[in-house]
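Each chain is listed here by its residues.
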Amino acid sequence: MKRSIKAPAKINLALDVLHKRDDGYHEVKMVMTQVDLADRIEIENREDGQIKVEMSEGFLPVDHRNLAHQAASLLKKRYEVKKGAHLYIHKHIPVAAGLAGGSSDAAAALKGLNEVWELGLSIEDLAAIGSEIGSDVAFCVHGGTALATGRGEVIETIESPPPSWVILAKPPIGVSTKEVYRRLEASEHTANGAQAERMVHAIQTQDYEAICENLYNVLETVTLPMYPEVKKIKDRMLDSGVDAALMSGSGPTVFGLIQKEARVNRVYNALRGFCEQVYAVRLISDKST
């Protein structure tokens, strides 16, 4: 049996960190949604019981460091599956970009293997397993748009935002998520999650202007001063005519929302002369045409 599964990227429309937990993770409250930039995973059975991962990008790990490999191994062990699997990952999502590419690959692996191995697990079952692999995997299993709490694994699915174009721009740098959170802890940041609640309300009322006004990511307060390239891209994006812009996750990717299609090419071209990895995509919305 073979399956081909899409693994869409995510962006954070709102991200707040409430406090550090006793288990070492951070309590977060965030609103995430998917865009139609996606990896694709081809999955098929192996009769020898082995898990093998191959990637279209040769510089990425294909062993236990790979989240899709971890997902397959955990699922196989948890349900005592005798068969193995071959996973070929066609990468399109930028790596280490704050877009949950690895987490989405892991989620796609779980969903695909659930079919290939005929396990009959529910989305909730798969999301629970995913949360053991990484904080964003549970959201990626559910997909769509959601309010995520806990360390990111408690998912409440909400309505999709109104249709919009999304410009993604990633500078050629890496961001240390661990260092960003460490510096946030050392700051005087306090939060109650109200920013995320405002975003949920804006989405539920389908108020595009309110969505733009309430984009929020507390990690910008750390990442932008640490990595001036990220701030330059955000400023360039705003100057180029997006309706609103925000860094996704801990960075370094910045996204801009544009509702009028006529402006998309202008913004895209302005950023392409400034940054190599630029994408013009759309929100995954049940209202998209």
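Residues numbered from 1 in each chain as written. Predicted model: local features only at pLDDT ≥ 70, side-chain atom pairs only at ≥ 80, totals over all residues. Heavy atoms only, no water.

With respect to the overall build of the protein
Consideration 1: The secondary structure content of the protein amounts to 10 helices and 11 strands.
Consideration 2: Here the C-alpha atoms of the protein give a radius of gyration of 19 Å, agreeing with the 19 Å that 2.2 N^0.38 yields for 289 residues.
Consideration 3: When its C-alpha atoms are laid out on the principal axes, the protein stretches across 55 × 45 × 35 Å.
Consideration 4: Counting across all 289 residues of the protein, residues that qualify as buried make up 54%.
Consideration 5: Carbon and sulfur atoms make up 47% of the accessible area of the protein, which totals about 12,900 Å². (Helix = DSSP H or I, 4+ residues; strand = E, 2+ residues; numbered from the N terminus. Rg over C-alpha atoms; globule rule 2.2 N^0.38 Å. Buried < 20%, exposed > 50% of the residue type's maximum accessible area, 1.4 Å probe, protein only. Areas by Shrake-Rupley, 256 points an atom, 1.4 Å probe, with all protein chains shown as cover.)

Some details on the pattern of salt bridges
Consideration 1: Applying the stated rule across the entire model yields 15 salt bridges.
Consideration 2: Among the salt bridges present, the one from arginine 183 reaches glutamate 179, with a minimum N-O distance of 2.8 Å. Of the two residues, arginine 183 and glutamate 179 are both situated in helix H5 (residues 177-186); the distance of 4 residues between them amounts to about one turn of the helix.
Consideration 3: Judged by its relative accessible area of 40%, arginine 183 is partly exposed. (Salt bridge = Lys/Arg side-chain N within 4 Å of Asp/Glu carboxyl O.)

Quick word on the nonpolar core
Note that soluble globular proteins tend to have their nonpolar side chains buried in a common cluster.
Consideration 1: Core analysis: the biggest nonpolar cluster contains 69 residues, and Leu87, Leu110 and Leu219 have the highest contact counts within it.
Consideration 2: For this core, the element with the highest residue contribution is helix H2 (residues 101-116), accounting for 7 residues.
Consideration 3: Here leucine 219 is in contact with Leu15, Val17, Val180, Tyr181, Leu184, Met247, Gly249 and Ser250, once residues within four sequence places are set aside.
Consideration 4: Of all hydrophobic cores here, the second largest spans 30 residues; its members include Ile93, Ile203, Tyr208 and Val281. (Core = buried A, V, L, I, M, F, W, Y, C linked by side-chain atoms within 4.5 Å. Contact = heavy atoms within 4.5 Å.)

What about the pairing of strand S4 (residues 84-90)?
Consideration 1: Of all 7 residues in S4, 5 are buried; the element is thus mostly enclosed.
Consideration 2: Pairing of strand S2 (residues 26-46) with S4, which is carried by 7 bridges, proceeds in the antiparallel orientation. If you follow asparagine 45 over to S4, its bridge partner there is alanine 85.
Consideration 3: Crossover connection from strand S3 (residues 51-55) via helix H1 (residues 67-78) to parallel S4: handedness left-handed. (Pairing = 2+ DSSP bridges. Right-handed = clockwise from strand over helix to strand, strands pointing away.)

Things to note about helix H9 (residues 228-240)
Consideration 1: For H9, built from 13 residues, the straight-helix expectation of 18 Å at 1.5 Å per residue is met to within 8% by its first-to-last C-alpha distance of 18 Å.
Consideration 2: Where H9 is buried, its residues touch strand S7 (165-170), helix H8 (220-226), strand S9 (244-247), strand S10 (254-258) and helix H10 (264-272).
Consideration 3: Positioned one or two residues after H9, glycine 241 has a phi angle of 115°, which is positive. (Expected span 1.5 Å × (residues − 1).)

Observations concerning the packing of H9 against H10
Consideration 1: Across the interface, H9 lies against H10 with an axial gap of 9 Å and an inter-helix angle of 145°. Once H9 is placed against H10, the crossing between them reads as right-handed. Residue-level contacts link Ile233, Arg236, Met237 and Ser240 of H9 to Arg266, Val267, Ala270 and Leu271 of H10. (Axes fitted to C-alpha atoms, helices over the stretch in contact; angles between N-to-C directions. Left-handed = near helix turned anticlockwise from the far one by under 90°.)

Some points on the pairing of S7
Consideration 1: Of all 6 residues that make up S7, 6 are buried, and the element is covered over most of its length.
Consideration 2: With burial as the criterion, each face of S7 is covered, one bearing Trp165, Ile167 and Ala169 and the other bearing Val166, Leu168 and Lys170.
Consideration 3: Here 5 bridges tie S7 to S10, and the two strands are oriented antiparallel to one another. In the strand pairing of S10, valine 166 is matched with leucine 257.
Consideration 4: Of the strand pairs in this sheet, S7 and strand S11 (residues 277-282) are connected by 6 bridges, and their pairing is antiparallel. Across the sheet, leucine 168 pairs through a bridge with tyrosine 279, a residue of S11.

Some points on the packing of aromatic side chains
Consideration 1: Inspection of every chain in the model, using the stated rule, returns 0 aromatic pairs.
Consideration 2: Sitting above the plane of the tyrosine 25 ring, arginine 151 keeps its charged end 4.7 Å from the centroid. (Phe/Tyr/Trp six-rings, centres within 6.5 Å; stacked < 30°, edge-to-face > 60°. Lys NZ or Arg CZ within 6 Å of the ring centre and 35° of its normal.)

A few points about the environment of asparagine 217
Consideration 1: Relative to the helices and strands, asparagine 217 resides in strand S8 (residues 216-217).
Consideration 2: Overall, the relative accessible area of 3% leaves asparagine 217 in the buried class.
Consideration 3: If we ignore the near neighbours within four places in the chain, the residues touching asparagine 217 are Leu15, Leu246, Met247, Ser248 and Gly249.
Consideration 4: Separated by 2.9 Å, the side chain of asparagine 217 and the backbone oxygen of methionine 247 make a polar contact. (Polar contact = N/O pair within 3.5 Å; in protein donor to acceptor, adjacent residues only side chain to side chain.)

Side note on the side chain of lysine 91
Consideration 1: With respect to the secondary-structure elements, lysine 91 resides in the loop between S4 and H2.
Consideration 2: Using a relative accessible area of 11% as the deciding quantity, one classes lysine 91 as buried.
Consideration 3: If we skip the residues at most four places from it in the chain, lysine 91 touches Asp39, Met55, Ser56, Glu57, Leu60, Gly101, Gly102 and Asp105.

A few points about unusual backbone geometry
Consideration 1: Cis geometry marks the peptide bond from glycine 251 to proline 252, where omega comes out at 5°.
Consideration 2: The topology assignment puts proline 252 in the loop between S9 and S10.
Consideration 3: We note that glutamate 80 has phi near 50°; this positive angle belongs to a residue other than glycine.
Consideration 4: Within the element layout of this structure, glutamate 80 appears in the loop between H1 and S4.
Consideration 5: Backbone geometry at glutamate 118 places phi at a positive 55°, although glycine is not the residue there.
Consideration 6: Considering the arrangement of structural elements, one finds glutamate 118 in the loop between H2 and helix H3 (123-130).

Geometric descriptors of this kind do not, in isolation, establish any biological role.
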